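# Chain and residue survey
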Amino acid sequence: MSKLTRRDFIKLFGAGAAAGTGLFGLTARAVAANAPHVVVLGGGIGGSTFAKYLRIADPNVRITLIERDAQYITCPRSNDVIVGFHTLEDITFDHDTIRDKYDINVLIDEVAGVDADRRQVRTAGGQNLSYDRLLVSPGIDFRWEAIDGYTPELADTRIPHAWKAGPQTLLLKQQLKNLPRGGRVLIAPPVDPFRCPPGPYERASMIAEYLQKHNPSAKVLILDPKDHFTKDGPFKKGWERLYGYGTDNSLIEWVAGSEGGRILAVEPKNMTVEAEADRFQADLINIIPPQKAGKLAFAMGLTDSSGWCPVDRQTFESKKMPGVHVIGDACIADEMPKSGYAANTQAKVAAWAISDLLNGRQPGEPTLSNTCYSLVGSRYGVSISSVYELHEGHIRNVPDSGGLSPIDDNPARPVLEAVYQKNWHRTFVKDVFS
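Residues numbered from 1 in each chain as written. Predicted model: local features only at pLDDT ≥ 70, side-chain atom pairs only at ≥ 80, totals over all residues. Heavy atoms only, no water.

### Notes on the sheet that holds strand β9 (residues 133–136)
- Judged by pairing direction, the sheet is parallel, and its five strands sit side by side in the order β5-β2-β1-β9-β19 without closing on themselves. The two strands at the open ends of the sheet, each matched to only one other strand, are β5 (105–108) and β19 (324–326). Taken over all neighbouring pairs, the strand axes of this sheet differ in orientation by 20 degrees on average, direction set aside.
- Summarising the sheet, strand β2 (residues 62–67) and β5 pair through four bridges and their orientation is parallel. Pairing of leucine 65 across the sheet is with valine 106, part of β5.
- Those strands touched by helix α2 (residues 45–57) are β1 (37–41), β2 and β9, and its axis lies near 170 degrees from that of β2.
- The sheet contacts of helix α10 (residues 340–358) involve β1, β9 and β19, and relative to β9 the element is tilted by about 170 degrees. (Pairing = 2+ DSSP bridges. Helix = DSSP H or I, 4+ residues; strand = E, 2+ residues; numbered from the N terminus. Axes fitted to C-alpha atoms, helices over the stretch in contact; angles between N-to-C directions. Contact = heavy atoms within 4.5 Å.)

Here it is as C-alpha coordinates:
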(Lines give C-alpha, C1' and ligand atoms only; values in the text may rest on other atoms or scores of the structure.)
Protein backbone atom coordinates (compact mmCIF):
# COMPACT_ATOMS: atom_id res chain seq x y z
CA MET A 1 0.00 0.00 0.00
CA SER A 2 2.74 2.44 0.91
CA LYS A 3 4.28 2.39 -2.56
CA LEU A 4 1.00 2.81 -4.43
CA THR A 5 -0.12 6.11 -5.89
CA ARG A 6 -3.82 6.89 -5.99
CA ARG A 7 -3.84 6.10 -9.72
CA ASP A 8 -2.13 2.76 -9.17
CA PHE A 9 -4.57 2.03 -6.37
CA ILE A 10 -7.62 2.55 -8.58
CA LYS A 11 -6.11 0.71 -11.57
CA LEU A 12 -5.18 -2.29 -9.46
CA PHE A 13 -8.69 -2.58 -8.19
CA GLY A 14 -10.13 -2.28 -11.69
CA ALA A 15 -8.04 -5.15 -13.01
CA GLY A 16 -8.98 -7.33 -10.11
CA ALA A 17 -12.65 -6.49 -10.31
CA ALA A 18 -12.89 -7.71 -13.89
CA ALA A 19 -11.89 -11.17 -12.73
CA GLY A 20 -13.37 -10.84 -9.29
CA THR A 21 -15.02 -13.77 -7.65
CA GLY A 22 -17.05 -11.90 -5.08
CA LEU A 23 -15.55 -14.13 -2.40
CA PHE A 24 -16.45 -13.44 1.14
CA GLY A 25 -14.57 -15.31 3.80
CA LEU A 26 -16.93 -14.95 6.75
CA THR A 27 -17.92 -18.21 8.36
CA ALA A 28 -21.08 -16.70 9.75
CA ARG A 29 -22.64 -18.48 12.69
CA ALA A 30 -25.88 -16.63 13.23
CA VAL A 31 -25.74 -13.77 10.81
CA ALA A 32 -27.70 -14.35 7.61
CA ALA A 33 -25.70 -14.51 4.40
CA ASN A 34 -27.76 -11.72 2.89
CA ALA A 35 -27.44 -9.45 5.93
CA PRO A 36 -25.93 -5.99 5.41
CA HIS A 37 -22.15 -6.13 5.23
CA VAL A 38 -19.86 -3.55 6.83
CA VAL A 39 -16.15 -3.64 5.99
CA VAL A 40 -13.60 -2.00 8.28
CA LEU A 41 -10.18 -0.92 6.96
CA GLY A 42 -7.66 -0.66 9.79
CA GLY A 43 -7.50 -2.65 13.03
CA GLY A 44 -6.00 -0.06 15.32
CA ILE A 45 -7.83 1.66 18.16
CA GLY A 46 -10.49 3.22 15.93
CA GLY A 47 -11.18 0.24 13.66
CA SER A 48 -11.17 -2.40 16.41
CA THR A 49 -13.43 -0.34 18.68
CA PHE A 50 -15.82 0.28 15.80
CA ALA A 51 -16.06 -3.41 14.82
CA LYS A 52 -16.73 -4.48 18.41
CA TYR A 53 -19.35 -1.81 19.09
CA LEU A 54 -21.10 -2.27 15.76
CA ARG A 55 -21.62 -5.90 16.75
CA ILE A 56 -23.07 -4.72 20.08
CA ALA A 57 -25.28 -2.18 18.31
CA ASP A 58 -26.45 -4.58 15.61
CA PRO A 59 -26.23 -8.39 16.05
CA ASN A 60 -27.57 -8.96 12.54
CA VAL A 61 -24.94 -7.22 10.45
CA ARG A 62 -21.97 -8.97 8.84
CA ILE A 63 -18.62 -7.36 9.77
CA THR A 64 -15.23 -7.83 8.14
CA LEU A 65 -12.14 -6.13 9.51
CA ILE A 66 -9.08 -5.92 7.24
CA GLU A 67 -5.76 -5.21 8.94
CA ARG A 68 -2.24 -5.57 7.52
CA ASP A 69 -0.58 -6.65 10.77
CA ALA A 70 -1.59 -9.55 13.00
CA GLN A 71 -0.69 -7.48 16.07
CA TYR A 72 -1.18 -3.83 16.97
CA ILE A 73 1.17 -1.81 19.18
CA THR A 74 -0.54 1.04 21.00
CA CYS A 75 1.05 4.46 21.00
CA PRO A 76 -0.33 5.22 24.48
CA ARG A 77 2.34 4.23 27.01
CA SER A 78 5.02 3.81 24.33
CA ASN A 79 6.98 6.57 26.11
CA ASP A 80 7.17 4.16 29.05
CA VAL A 81 8.95 1.65 26.80
CA ILE A 82 11.63 4.22 25.90
CA VAL A 83 12.61 4.67 29.55
CA GLY A 84 12.28 0.98 30.43
CA PHE A 85 9.09 0.92 32.50
CA HIS A 86 7.43 -1.48 30.06
CA THR A 87 8.35 -3.66 27.12
CA LEU A 88 6.92 -3.39 23.65
CA GLU A 89 5.15 -6.70 24.29
CA ASP A 90 3.26 -5.10 27.18
CA ILE A 91 1.51 -2.70 24.78
CA THR A 92 0.99 -5.17 21.92
CA PHE A 93 -2.47 -6.63 21.21
CA ASP A 94 -4.00 -8.95 18.64
CA HIS A 95 -7.48 -9.21 17.15
CA ASP A 96 -8.30 -12.72 18.32
CA THR A 97 -10.76 -11.70 21.04
CA ILE A 98 -12.90 -9.39 18.93
CA ARG A 99 -12.85 -12.01 16.16
CA ASP A 100 -13.97 -14.89 18.37
CA LYS A 101 -16.12 -13.09 20.94
CA TYR A 102 -17.93 -10.72 18.60
CA ASP A 103 -18.15 -12.85 15.44
CA ILE A 104 -16.08 -10.52 13.29
CA ASN A 105 -14.35 -11.78 10.19
CA VAL A 106 -10.74 -10.61 10.60
CA LEU A 107 -8.59 -10.67 7.46
CA ILE A 108 -4.85 -10.16 7.94
CA ASP A 109 -4.29 -8.74 4.52
CA GLU A 110 -3.52 -5.49 2.74
CA VAL A 111 -6.03 -3.33 0.92
CA ALA A 112 -5.18 -3.18 -2.78
CA GLY A 113 -8.10 -1.10 -4.06
CA VAL A 114 -11.51 0.34 -3.27
CA ASP A 115 -14.24 0.93 -5.84
CA ALA A 116 -16.62 3.32 -4.10
CA ASP A 117 -19.09 3.30 -7.03
CA ARG A 118 -19.55 -0.47 -6.88
CA ARG A 119 -18.92 -0.53 -3.11
CA GLN A 120 -16.23 -3.17 -3.29
CA VAL A 121 -12.84 -3.70 -1.63
CA ARG A 122 -10.05 -5.75 -3.12
CA THR A 123 -7.17 -7.08 -1.04
CA ALA A 124 -3.60 -7.90 -2.03
CA GLY A 125 -4.36 -11.51 -1.10
CA GLY A 126 -7.06 -11.72 -3.80
CA GLN A 127 -10.23 -11.28 -1.77
CA ASN A 128 -12.95 -9.18 -3.38
CA LEU A 129 -15.55 -7.98 -0.88
CA SER A 130 -18.76 -6.06 -1.44
CA TYR A 131 -19.97 -3.74 1.28
CA ASP A 132 -23.02 -1.74 2.25
CA ARG A 133 -20.99 0.63 4.42
CA LEU A 134 -17.21 1.05 4.63
CA LEU A 135 -15.43 2.33 7.76
CA VAL A 136 -11.88 3.61 7.29
CA SER A 137 -9.51 4.29 10.19
CA PRO A 138 -6.19 4.92 8.42
CA GLY A 139 -4.26 6.81 11.11
CA ILE A 140 -1.54 9.29 10.18
CA ASP A 141 1.32 9.79 7.78
CA PHE A 142 4.16 12.33 7.90
CA ARG A 143 4.93 15.47 5.92
CA TRP A 144 8.60 14.65 5.33
CA GLU A 145 9.02 17.61 3.00
CA ALA A 146 8.49 20.05 5.89
CA ILE A 147 12.01 19.52 7.32
CA ASP A 148 14.91 19.65 4.91
CA GLY A 149 17.07 16.55 5.13
CA TYR A 150 14.68 14.44 7.22
CA THR A 151 13.63 11.20 5.49
CA PRO A 152 11.93 7.91 6.39
CA GLU A 153 15.28 6.16 6.02
CA LEU A 154 16.91 8.55 8.48
CA ALA A 155 14.06 8.01 10.94
CA ASP A 156 14.52 4.23 10.75
CA THR A 157 18.27 4.31 11.31
CA ARG A 158 19.61 7.32 13.19
CA ILE A 159 17.05 10.01 14.07
CA PRO A 160 13.85 8.17 15.00
CA HIS A 161 10.54 9.91 15.40
CA ALA A 162 9.06 6.89 17.24
CA TRP A 163 5.59 8.36 16.70
CA LYS A 164 4.24 4.99 15.59
CA ALA A 165 5.21 2.54 18.29
CA GLY A 166 7.47 -0.26 17.08
CA PRO A 167 11.14 -0.67 16.05
CA GLN A 168 11.82 3.07 16.27
CA THR A 169 10.63 3.03 19.87
CA LEU A 170 13.32 0.46 20.66
CA LEU A 171 15.92 2.41 18.66
CA LEU A 172 15.18 5.53 20.69
CA LYS A 173 15.39 3.51 23.90
CA GLN A 174 18.83 2.19 22.94
CA GLN A 175 20.06 5.67 21.96
CA LEU A 176 18.98 7.02 25.33
CA LYS A 177 20.83 4.22 27.08
CA ASN A 178 23.96 5.00 25.03
CA LEU A 179 23.81 8.77 25.59
CA PRO A 180 27.26 10.04 26.64
CA ARG A 181 27.71 11.51 30.12
CA GLY A 182 26.48 15.08 30.08
CA GLY A 183 24.98 14.64 26.62
CA ARG A 184 22.09 16.58 25.08
CA VAL A 185 18.72 15.15 23.99
CA LEU A 186 16.89 17.32 21.45
CA ILE A 187 13.14 16.81 20.96
CA ALA A 188 11.27 18.64 18.19
CA PRO A 189 7.44 18.44 18.37
CA PRO A 190 5.42 19.22 15.23
CA VAL A 191 2.97 21.99 14.39
CA ASP A 192 -0.74 21.42 15.10
CA PRO A 193 -2.70 19.30 14.39
CA PHE A 194 -0.90 16.06 15.18
CA ARG A 195 -1.47 12.72 16.91
CA CYS A 196 -1.36 12.78 20.72
CA PRO A 197 -0.80 16.52 21.41
CA PRO A 198 0.72 16.05 24.92
CA GLY A 199 2.90 13.12 23.82
CA PRO A 200 6.14 15.04 23.04
CA TYR A 201 6.04 16.77 26.42
CA GLU A 202 5.38 13.54 28.30
CA ARG A 203 8.31 12.01 26.40
CA ALA A 204 10.58 14.92 27.35
CA SER A 205 9.46 14.55 30.98
CA MET A 206 10.07 10.81 31.14
CA ILE A 207 13.48 11.17 29.51
CA ALA A 208 14.35 13.91 32.03
CA GLU A 209 13.46 11.59 34.89
CA TYR A 210 15.57 8.82 33.33
CA LEU A 211 18.53 11.20 32.99
CA GLN A 212 18.08 12.41 36.56
CA LYS A 213 18.74 8.84 37.74
CA HIS A 214 21.25 7.58 35.17
CA ASN A 215 22.97 10.60 33.60
CA PRO A 216 22.27 13.65 35.82
CA SER A 217 24.51 16.12 33.98
CA ALA A 218 22.69 15.52 30.67
CA LYS A 219 19.96 17.88 29.42
CA VAL A 220 16.74 17.83 27.37
CA LEU A 221 16.15 20.63 24.85
CA ILE A 222 12.68 21.03 23.31
CA LEU A 223 12.54 23.07 20.10
CA ASP A 224 8.86 23.81 19.57
CA PRO A 225 7.16 25.56 16.63
CA LYS A 226 4.30 26.54 18.98
CA ASP A 227 3.99 29.05 21.82
CA HIS A 228 1.53 26.91 23.76
CA PHE A 229 0.79 23.20 24.06
CA THR A 230 -1.92 21.14 25.70
CA LYS A 231 -1.65 20.98 29.50
CA ASP A 232 1.36 23.32 29.35
CA GLY A 233 0.52 24.90 32.71
CA PRO A 234 0.48 21.63 34.69
CA PHE A 235 3.42 20.28 32.67
CA LYS A 236 5.60 23.31 33.40
CA LYS A 237 4.66 23.29 37.08
CA GLY A 238 5.69 19.62 37.20
CA TRP A 239 8.96 20.43 35.45
CA GLU A 240 9.62 23.12 38.08
CA ARG A 241 8.97 20.69 40.92
CA LEU A 242 10.82 17.70 39.50
CA TYR A 243 13.52 19.03 37.17
CA GLY A 244 14.28 22.63 38.21
CA TYR A 245 12.61 24.14 35.16
CA GLY A 246 13.21 27.88 34.97
CA THR A 247 16.50 27.71 36.90
CA ASP A 248 20.10 27.59 35.69
CA ASN A 249 20.23 23.91 36.63
CA SER A 250 17.06 22.83 34.84
CA LEU A 251 17.09 19.42 33.20
CA ILE A 252 14.61 20.70 30.60
CA GLU A 253 14.83 23.76 28.39
CA TRP A 254 11.87 24.69 26.16
CA VAL A 255 12.22 27.09 23.22
CA ALA A 256 8.84 28.38 21.97
CA GLY A 257 7.92 29.17 18.39
CA SER A 258 8.10 32.91 18.95
CA GLU A 259 11.65 32.39 20.24
CA GLY A 260 12.70 30.60 17.05
CA GLY A 261 11.89 27.04 18.10
CA ARG A 262 10.65 25.86 14.70
CA ILE A 263 13.24 23.64 13.04
CA LEU A 264 13.93 23.98 9.32
CA ALA A 265 16.52 21.32 8.53
CA VAL A 266 18.53 18.46 9.97
CA GLU A 267 22.17 17.55 9.28
CA PRO A 268 22.63 13.94 10.45
CA LYS A 269 26.35 13.87 9.66
CA ASN A 270 27.14 16.23 12.53
CA MET A 271 23.87 15.68 14.48
CA THR A 272 22.76 19.27 14.09
CA VAL A 273 19.39 20.87 13.46
CA GLU A 274 18.81 24.29 12.00
CA ALA A 275 16.04 26.17 13.79
CA GLU A 276 14.74 29.68 13.21
CA ALA A 277 16.67 30.86 16.27
CA ASP A 278 20.01 29.13 15.72
CA ARG A 279 21.78 25.87 14.94
CA PHE A 280 21.73 23.23 17.69
CA GLN A 281 23.92 20.16 18.06
CA ALA A 282 22.77 17.16 20.09
CA ASP A 283 23.84 13.61 20.90
CA LEU A 284 20.30 12.26 20.48
CA ILE A 285 17.75 13.90 18.16
CA ASN A 286 14.06 12.99 18.21
CA ILE A 287 12.19 14.84 15.45
CA ILE A 288 8.42 14.30 15.28
CA PRO A 289 7.47 15.47 11.77
CA PRO A 290 4.31 17.43 10.87
CA GLN A 291 1.47 15.08 10.02
CA LYS A 292 -1.43 14.36 7.66
CA ALA A 293 -3.97 11.58 7.13
CA GLY A 294 -2.67 8.07 6.48
CA LYS A 295 -1.71 6.82 3.00
CA LEU A 296 -4.93 4.88 2.52
CA ALA A 297 -6.99 8.07 2.90
CA PHE A 298 -4.98 9.74 0.13
CA ALA A 299 -5.12 6.69 -2.13
CA MET A 300 -8.91 6.57 -1.80
CA GLY A 301 -9.33 10.31 -2.39
CA LEU A 302 -10.81 10.97 1.05
CA THR A 303 -8.64 14.01 1.90
CA ASP A 304 -9.05 17.68 1.07
CA SER A 305 -6.43 20.42 0.66
CA SER A 306 -5.72 20.35 4.42
CA GLY A 307 -4.38 16.80 4.14
CA TRP A 308 -7.14 15.49 6.44
CA CYS A 309 -10.55 13.91 5.73
CA PRO A 310 -13.71 16.04 5.86
CA VAL A 311 -16.69 14.19 7.37
CA ASP A 312 -20.25 14.72 8.45
CA ARG A 313 -19.74 15.13 12.20
CA GLN A 314 -23.01 13.38 13.07
CA THR A 315 -22.19 10.09 11.33
CA PHE A 316 -18.51 10.46 10.34
CA GLU A 317 -19.54 9.73 6.74
CA SER A 318 -17.07 11.15 4.26
CA LYS A 319 -18.07 14.37 2.54
CA LYS A 320 -16.15 13.20 -0.51
CA MET A 321 -17.32 9.58 -0.80
CA PRO A 322 -20.87 8.49 0.13
CA GLY A 323 -21.11 5.22 2.03
CA VAL A 324 -17.59 5.57 3.41
CA HIS A 325 -17.00 6.70 7.03
CA VAL A 326 -13.69 7.99 8.38
CA ILE A 327 -12.77 8.10 12.07
CA GLY A 328 -9.74 8.67 14.25
CA ASP A 329 -6.65 10.76 13.65
CA ALA A 330 -7.30 11.07 9.90
CA CYS A 331 -10.69 12.80 10.08
CA ILE A 332 -11.42 16.47 10.64
CA ALA A 333 -13.13 16.62 14.03
CA ASP A 334 -12.76 20.33 14.79
CA GLU A 335 -12.05 20.87 18.51
CA MET A 336 -11.47 17.19 19.32
CA PRO A 337 -7.77 16.28 19.66
CA LYS A 338 -6.21 13.51 17.61
CA SER A 339 -5.97 10.99 20.43
CA GLY A 340 -6.65 7.33 20.99
CA TYR A 341 -9.55 8.16 23.26
CA ALA A 342 -11.05 10.46 20.59
CA ALA A 343 -10.81 7.64 18.03
CA ASN A 344 -12.46 5.30 20.51
CA THR A 345 -15.44 7.59 21.14
CA GLN A 346 -15.79 8.46 17.44
CA ALA A 347 -15.85 4.73 16.66
CA LYS A 348 -18.79 4.20 19.01
CA VAL A 349 -20.71 7.10 17.49
CA ALA A 350 -20.03 5.78 13.98
CA ALA A 351 -21.11 2.25 14.99
CA TRP A 352 -24.52 3.41 16.17
CA ALA A 353 -24.92 5.80 13.25
CA ILE A 354 -24.19 3.08 10.69
CA SER A 355 -26.53 0.67 12.46
CA ASP A 356 -29.24 3.34 12.25
CA LEU A 357 -28.56 3.99 8.57
CA LEU A 358 -28.64 0.28 7.70
CA ASN A 359 -31.95 -0.12 9.51
CA GLY A 360 -33.66 2.94 8.05
CA ARG A 361 -33.43 5.03 11.20
CA GLN A 362 -32.31 8.62 11.52
CA PRO A 363 -28.98 8.74 13.43
CA GLY A 364 -29.12 10.63 16.68
CA GLU A 365 -27.10 13.68 17.54
CA PRO A 366 -23.95 12.48 19.28
CA THR A 367 -22.12 13.49 22.41
CA LEU A 368 -18.40 12.78 22.30
CA SER A 369 -15.66 12.93 24.91
CA ASN A 370 -11.93 12.82 25.42
CA THR A 371 -9.78 12.05 28.44
CA CYS A 372 -6.01 12.16 28.41
CA TYR A 373 -3.53 11.39 31.17
CA SER A 374 0.18 12.16 30.88
CA LEU A 375 3.13 11.44 33.12
CA VAL A 376 5.50 14.25 34.10
CA GLY A 377 7.34 11.67 36.19
CA SER A 378 6.67 8.04 37.08
CA ARG A 379 4.77 9.24 40.18
CA TYR A 380 3.52 12.57 38.84
CA GLY A 381 0.51 12.67 36.49
CA VAL A 382 -1.54 15.40 34.85
CA SER A 383 -4.78 15.16 32.87
CA ILE A 384 -7.32 16.91 30.72
CA SER A 385 -10.87 15.92 29.78
CA SER A 386 -13.64 17.42 27.68
CA VAL A 387 -17.14 16.69 26.41
CA TYR A 388 -18.11 17.67 22.87
CA GLU A 389 -21.38 18.23 21.05
CA LEU A 390 -22.43 19.36 17.59
CA HIS A 391 -22.90 23.07 17.08
CA GLU A 392 -23.89 24.26 13.62
CA GLY A 393 -22.44 21.11 12.10
CA HIS A 394 -19.11 21.24 13.90
CA ILE A 395 -17.77 19.45 16.98
CA ARG A 396 -17.40 21.95 19.79
CA ASN A 397 -16.22 21.68 23.36
CA VAL A 398 -19.10 22.00 25.81
CA PRO A 399 -18.20 24.89 28.14
CA ASP A 400 -17.29 23.80 31.69
CA SER A 401 -17.79 20.14 30.75
CA GLY A 402 -14.31 18.88 31.49
CA GLY A 403 -11.24 19.99 33.29
CA LEU A 404 -7.49 20.38 33.49
CA SER A 405 -5.30 19.30 36.39
CA PRO A 406 -5.31 22.21 38.84
CA ILE A 407 -2.04 23.72 39.93
CA ASP A 408 -2.12 23.75 43.72
CA ASP A 409 -0.06 22.66 46.68
CA ASN A 410 -1.79 19.32 47.24
CA PRO A 411 1.11 16.81 47.00
CA ALA A 412 -1.23 13.83 46.67
CA ARG A 413 -2.97 15.05 43.51
CA PRO A 414 -0.22 14.34 40.93
CA VAL A 415 0.56 11.02 42.63
CA LEU A 416 -3.07 9.96 42.29
CA GLU A 417 -3.18 11.15 38.68
CA ALA A 418 -0.18 8.93 37.91
CA VAL A 419 -2.13 5.98 39.35
CA TYR A 420 -5.19 6.98 37.34
CA GLN A 421 -3.05 7.07 34.17
CA LYS A 422 -1.94 3.47 34.60
CA ASN A 423 -5.45 2.25 35.38
CA TRP A 424 -6.89 4.30 32.52
CA HIS A 425 -4.65 2.54 30.00
CA ARG A 426 -5.47 -0.88 31.43
CA THR A 427 -9.21 -0.22 31.12
CA PHE A 428 -8.92 1.50 27.77
CA VAL A 429 -7.15 -1.32 25.93
CA LYS A 430 -9.69 -3.80 27.35
CA ASP A 431 -12.46 -1.65 25.92
CA VAL A 432 -10.79 -1.72 22.50
CA PHE A 433 -9.41 -5.24 22.16
CA SER A 434 -11.35 -7.44 24.63
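### Brief notes about helix α7 (residues 199–214)
- For α7, with 16 residues, the first-to-last C-alpha span of 22 Å sits near the 22 Å given by 1.5 Å per residue.
- Most of α7 sits out of view: 13 of its 16 residues are buried. (Expected span 1.5 Å × (residues − 1). Buried < 20%, exposed > 50% of the residue type's maximum accessible area, 1.4 Å probe, protein only.)

### Examining the pairing of strand β17 (residues 284–287)
- Here β17 shows two buried faces, one formed by Leu284 and Asn286 and the other by Ile285 and Ile287.
- Pairing analysis gives four bridges linking strand β11 (residues 184–188) to β17, with the strands arranged parallel. If you follow valine 185 over to β17, its bridge partner there is leucine 284.

### Observations concerning a nonpolar patch on the surface
- Side chains of Leu416, Val419 and Tyr420 sit close together on the surface and give an oily, nonpolar patch of about 260 Å² of accessible area.
- Tracing the backbone shows valine 419 in helix α11 (residues 412–433).
- On the basis of relative accessible area, valine 419 is assigned to the partly exposed category, the value being 42%. (Patch = residues over 30% accessible without salt bridge, like charges linked within 9 Å, V, L, I, M, F, W, Y side chains within 5 Å. Areas by Shrake-Rupley, 256 points an atom, 1.4 Å probe, with all protein chains shown as cover. Salt bridge = Lys/Arg side-chain N within 4 Å of Asp/Glu carboxyl O.)

### With respect to the pairing of strand β7 (residues 120–123)
- What you see with β7 is no split at all: Gln120 and Arg122 on one side and Val121 and Thr123 on the other are buried throughout.
- Of the pairings in the sheet, the one linking strand β6 (residues 111–115) to β7 comprises four bridges and is antiparallel in character. Each bridged residue has a counterpart across the sheet, and for valine 111 the counterpart in β7 is threonine 123.
- Linking β6 to β7, which pair antiparallel, is a turn of four residues; within it arginine 119 sits at a positive phi near 55 degrees.
- Examined bridge by bridge, β7 and strand β8 (residues 128–130) share three bridges and lie antiparallel to one another. Bridge pairing in β8 places valine 121 opposite leucine 129.
- Connecting β7 to the antiparallel partner β8 that follows it, the hairpin turn spans four residues, and glycine 126 within it adopts a positive phi of roughly 100 degrees.

That is the geometry; function is a separate question.
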